[in-house]
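The lines below spell out each chain.
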Amino acid sequence: MKIFTTQLTGLIKRLNNYEEDIEDASRAIAQSVISDGRLFWCGDNEMEGLTIQACSGEDRIPGSIKIGKAPSFTEMDTLVTASSSLENPRLEHLADEAKKQGATVISICSGDNAEKNVWQDKADFSFNTHIQHGLVPMESGNRIGKPHLLIGLHIYYRLYFSVMEILEEHDM
């Protein structure tokens, strides 16, 4: 457990590099909420947990909606995607549609910086969890413990606290 905690702490510290982008993404989210736009959430695999937290958790961002099957977007909307990999055709298609219709796209994904990150091109704001492999080595040489959701939730809470501060300033 000590190895896992040490590696996890390192990943969390890397998120400090996103401080300015978190503030900008939070402003975009708050703008959607304040202007009666919609705030859509969509996650894959375990990252669906972010959607659950955002839309129905105790610390949910006001106005958050789990994305439906055939959404339409407006310029006042924001789409947040969360993926445990850098490639997900469904989320990529949603992001493309949202961008074409003028919405802001925020991506939370996992992967290696050396890989071509499609989200850097598709999203207005892209947050990489930097999880490439398991954090804990086993005697067999395998590595286990990929905390995609745990780091994703850490990013979520950074956004949440910043958004709530902005909304409070606007008496929302």
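Structure shown above.
Residues numbered from 1 in each chain as written. Predicted model: local features only at pLDDT ≥ 70, side-chain atom pairs only at ≥ 80, totals over all residues. Heavy atoms only, no water.

Draft legend 1. Representation of the side chain of Asp44. As for its placement among the helices and strands, Asp44 is situated in the loop between β1 (39-43) and α3 (48-56). Buried charged residue Asp44 carries no salt bridge. Nearest counter-charge: Arg90, at 7.2 Å. Apart from the residues lying within four places of it in its own chain, the contact partners of Asp44 are Ala82, Ser83, Ser84, Asn88 and Leu91. (Helix = DSSP H or I, 4+ residues; strand = E, 2+ residues; numbered from the N terminus. Buried < 20%, exposed > 50% of the residue type's maximum accessible area, 1.4 Å probe, protein only. Lys, Arg positive; Asp, Glu negative; His and termini not counted. Salt bridge = Lys/Arg side-chain N within 4 Å of Asp/Glu carboxyl O. Contact = heavy atoms within 4.5 Å.)

Draft legend 2. Structural context of the packing of helix α2 (residues 19-34) against helix α6 (residues 148-169). The N-to-C vectors of α2 and α6 enclose an angle of 55°; their axes lie 8 Å apart at closest approach. As summarised for this structure, α2 and α6 are arranged oblique, according to the angle between their axes. The element α2 and its partner α6 pack so that their crossing is right-handed. Along its contact with α2, which presents Ile22, Glu23, Ala25, Ser26, Arg27, Ile29, Ala30, Val33 and Ile34, the element α6 presents Ile155, Arg158, Leu159, Ser162, Val163, Ile166 and Leu167. Among the residues making up the contact of α2 with α6, the classes are represented as 11 nonpolar, two polar and three charged. (Axes fitted to C-alpha atoms, helices over the stretch in contact; angles between N-to-C directions. Parallel < 35°, antiparallel > 145°, perpendicular 65-115°, else oblique. Left-handed = near helix turned anticlockwise from the far one by under 90°. Nonpolar A, V, L, I, M, F, W, Y, C, P; charged D, E, K, R; others polar.)

Draft legend 3. The arrangement of the pairing of strand β5 (residues 125-128) in detail. Neither face of β5 is open: one carries Phe125 and Phe127, the other Ser126 and Asn128, and all of them are buried. One ladder, built from four bridges, connects strand β4 (residues 104-109) with β5; its direction is parallel. Considered in β5, the bridge of Cys109 is made with Asn128. (Pairing = 2+ DSSP bridges.)

Draft legend 4. Quick peek at helix α1 (residues 2-14). The first and last C-alpha atoms of α1 sit 19 Å apart over 13 residues, in line with the 18 Å expected at 1.5 Å per residue. For α1, the complete set of buried residues consists of Phe4, Leu8 and Leu11. Looking straight down α1, one finds its buried side chains confined to an arc of 60°; they lie on one side. What points out from α1, more than 90 degrees from its buried face, is the exposed set Lys2, Thr6 and Lys13. On its buried face, α1 is in contact with β6 (136-137) and α6. (Expected span 1.5 Å × (residues − 1). Arc of directions from axis to C-beta.)

Draft legend 5. View of the pattern of salt bridges. Going through the model one piece at a time under the given rule, you end up with seven salt bridges. A salt bridge links Asp96 to Lys122, with the shortest nitrogen-to-oxygen separation between them at 2.8 Å. Of this pair, Asp96 sits in helix α4 (residues 89-100) while Lys122 sits in helix α5 (residues 118-122), placing them 26 residues apart in sequence. We classify Asp96 as partly exposed; its relative accessible area is 28%.

Draft legend 6. Examining the sheet that holds β4 more closely. Strands sit in the order β2-β1-β3-β4-β5 across an open sheet of five strands; the sheet is parallel. At either end of the open sheet lies a strand with only one pairing partner, and these are β2 (64-66) and β5. Ignoring strand direction, the axes of neighbouring strands in this sheet form an average angle of 20°. Where β1 and β2 come together, three bridges link them in parallel fashion. In the sheet register, Trp41 faces β2, and the bridge partner there is Lys66. Sitting on the sheet, α2 is in contact with β1, β3 (78-83), β4 and β5, with an inclination near 130° to β5. Against the sheet, α3 makes contact with β1, β2, β3 and β4, and its axis sits at roughly 150° relative to β1, the strand it touches most.

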